[in-house]
Amino acid sequence: MNNVNKFCTADQALLKLQTLCSRQETCKQDAAQKCKSWDLSEEAIENILNQLEKEKFIDEKRFAHFFTNDKLKFNHWGRIKISLALRQKQIPENIINEVLDEIDPLVYFDILRKELEKKVRLIPANHNGYQIKISLLRYAYGKGFESQEIEKLLPEILMKDKN
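Throughout what follows, the structure given in this document is the object of discussion.

Reading guide: rules and limits
- Counting restarts for each chain: residues are numbered from 1 in the order of the written sequence.
- Reporting of local features is limited, given that this is a predicted model, to residues whose pLDDT is at least 70; pairs of side-chain atoms are given and counted only at 80 or more, and all residues count toward the totals for whole chains, interfaces and linings.
- Note: side-chain values were computed over all heavy atoms of the structure, leaving out hydrogens and water.
- Strands are runs of DSSP state E lasting at least 2 residues, helices are runs of H or I lasting at least 4, and numbering of each runs from the N terminus.
- Only heavy atoms enter the contact rule, under which two residues are in contact if any of them lie within 4.5 Å.
- Any carboxyl oxygen of Asp or Glu that lies within 4 Å of a side-chain nitrogen of Lys or Arg is treated as forming a salt bridge with it.
- Only protein chains enter the calculation, and the probe is 1.4 Å; a residue is then buried if its accessible area is under 20% of its type maximum, exposed if over 50%, and partly exposed in between.

Focus: the side chain of Glu60
Assignment of secondary structure puts Glu60 in helix H5 (residues 60-73). When residues no more than four places from it in sequence are discounted, the contact partners of Glu60 are Cys27, Lys28, Gln90, Ile91, Pro92 and Ile95.

Given below as structure tokens:
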């Protein structure tokens, strides 16, 4: 890390974070990590975070909403993986549950379908039905989709694969 960013005052840190937060959604934990990298005291960090929240530069619910939409639309993550990532960012459980409940079930199911259709085309032709099913299950679990959602789609995907 270069020394230019290593040390700064609380006022400089606040200004830097206001600029950062105005360009992209940021959660409290990420902002705190930035402050720690600038060697600010715990008291200064707490004051900066409070100021950022008060001025609406940081809003955990807004962050969780944008994070969820981005991970769903661009990374094609399922609810489980999104939930785990939000927990790692120390987003409160009630906010996580709220944003996950806002996911359109039809959009979610369509994303899972497209992911499974894409994956089944990549499975070697010499695999039997059981091996294909296991590959699809592992893939979908790795993307963070729930088993009940996967099980609903598997018969349809496996039938298409046979044709």
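We are not done yet, so read on.
Some words on the pattern of salt bridges
Counted according to the given criterion, the structure contains 11 salt bridges. Among the ionic pairs, Lys61 bridges to Glu98, the shortest N-O distance being 2.4 Å. Separated by 37 residues along the polypeptide, Lys61 in helix H5 and Glu98 in helix H7 (residues 93-101) bring together distant segments of the chain. Lys61 sits in the partly exposed class, given a relative accessible area of 40%. For the salt bridge of Glu115 with Lys143, the shortest nitrogen-to-oxygen distance reads 3.9 Å. With Glu115 in helix H8 (residues 105-122) and Lys143 in the loop between helix H9 (129-142) and helix H10 (147-162), the pair connects residues that are 28 residues apart, well separated along the chain. For Glu115, a relative accessible area of 4% puts it in the buried group. Connected through shared salt-bridge partners, Glu115, Lys118 and Lys143 make up one network.

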